Amino acid sequence: HNQSLERALAIVEAAAQAGAHGLKIQTYTADTMTLDLAEGEFFIADPNSLWAGTSLYQLYQESPYPLGMAPADFRPRPRAGADRFQHPLR
């Protein structure tokens, strides 16, 4: 969703139209996923990777669904018809 609520809602609608009956939203921040290190297993050194030269921490900073966002903030449009669940990763 690239931190875009509109894009996330479009994904919900597409999933519902494809037949999904539920949706799980996992909230997190970079701090709940990894350590702020740019070395070893925490650094993407593979030159063939889209994320070469990036740490996992940096990568997770770009893509979180904020922990503070209430589930009510992420409502599938009524026609989507999918249930939603939220699981905060802390």
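Here, residues in each chain are numbered from 1, in the same order as that chain's written sequence. Given that this is a predicted model, residues contribute local features only at a pLDDT of at least 70 and side-chain atom pairs are listed and counted only at 80 or more, while totals for whole chains, interfaces and linings are drawn from all residues. Water and hydrogen atoms were dropped before computing side-chain values, which therefore reflect all heavy atoms in the structure.

What to know about the overall build of the protein
Moving on, step 1. A tally of regular secondary structure across the protein gives three helices and four strands.
Moving on, step 2. Secondary structure is summarised from DSSP: a helix means a run of H or I of at least four residues, a strand means a run of E of at least two, and numbering begins at the N terminus for each. Helices and strands in the protein line up, N terminus first, as α-β-α-β-β-α-β.
Moving on, step 3. Whether a residue is buried, partly exposed or exposed follows from its accessible area with a 1.4 Å probe, protein chains only, as a fraction of its type maximum: under 20%, in between, or over 50%, in that order. Residue burial in the protein is summarised as follows: out of 90 residues, 23% are buried.
Moving on, step 4. Contacts: residue pairs with any heavy atoms within 4.5 Å of one another. Long-range contacts, defined as pairs at least 24 residues apart, comprise 63% of the intrachain contacts of the protein with a sequence gap of at least 6.
Moving on, step 5. What sets the accessible areas is the Shrake-Rupley method with a 1.4 Å probe; for residues, cover comes only from the shown protein chains. When the accessible surface of the protein is summed, it comes to about 6,200 Å², and 53% of that surface belongs to carbon and sulfur atoms.

A short note on the confidence of the model for the protein
Should pLDDT be low for a region, the predicted coordinates there are not to be read in detail.
Moving on, step 1. Known as pLDDT, the predictor's per-residue confidence is scaled from 0 to 100. Confidence in the prediction for the protein averages 77 pLDDT; 68% of positions are at 70 or higher.
Moving on, step 2. The secondary structure element of the protein with the lowest average pLDDT is strand β4 (residues 83–88), at 53, and the one with the highest is strand β2 (residues 43–44), at 98.

Considerations on the side chain of S55
Moving on, step 1. Mapped onto the fold, S55 is located in strand β3 (residues 54–55).
Moving on, step 2. In contact with S55, not counting residues within four places along its chain, are L37, A38, F42 and F43.

Describing helix α1 (residues 5–17)
Moving on, step 1. To estimate how far a helix should reach, multiply one less than its number of residues by 1.5 Å. Along its 13 residues, α1 runs 18 Å from first to last C-alpha, staying within 8% of the 18 Å computed at 1.5 Å per residue.
Moving on, step 2. If you follow the buried residues of α1, they end up packed against β1 (22–27).
Moving on, step 3. After α1 finishes, the residue G19 shows a positive phi value of roughly 110°.

Topic: the side chain of T54
Moving on, step 1. One can find T54 in strand β3.
Moving on, step 2. Among residues more than four places away in sequence, those in contact with T54 are F43, I44 and L59.

Section: the environment of Y60
Moving on, step 1. As for its position among the elements, Y60 is in helix α3 (residues 56–61).
Moving on, step 2. Classification of Y60 as partly exposed rests on a relative accessible area of 23%.
Moving on, step 3. For Y60 and M33, which are 27 residues apart along the polypeptide, the C-alpha to C-alpha distance reads 7.4 Å.
Moving on, step 4. Other than its neighbours up to four places away in sequence, Y60 contacts Y28, A30, M33 and T34.

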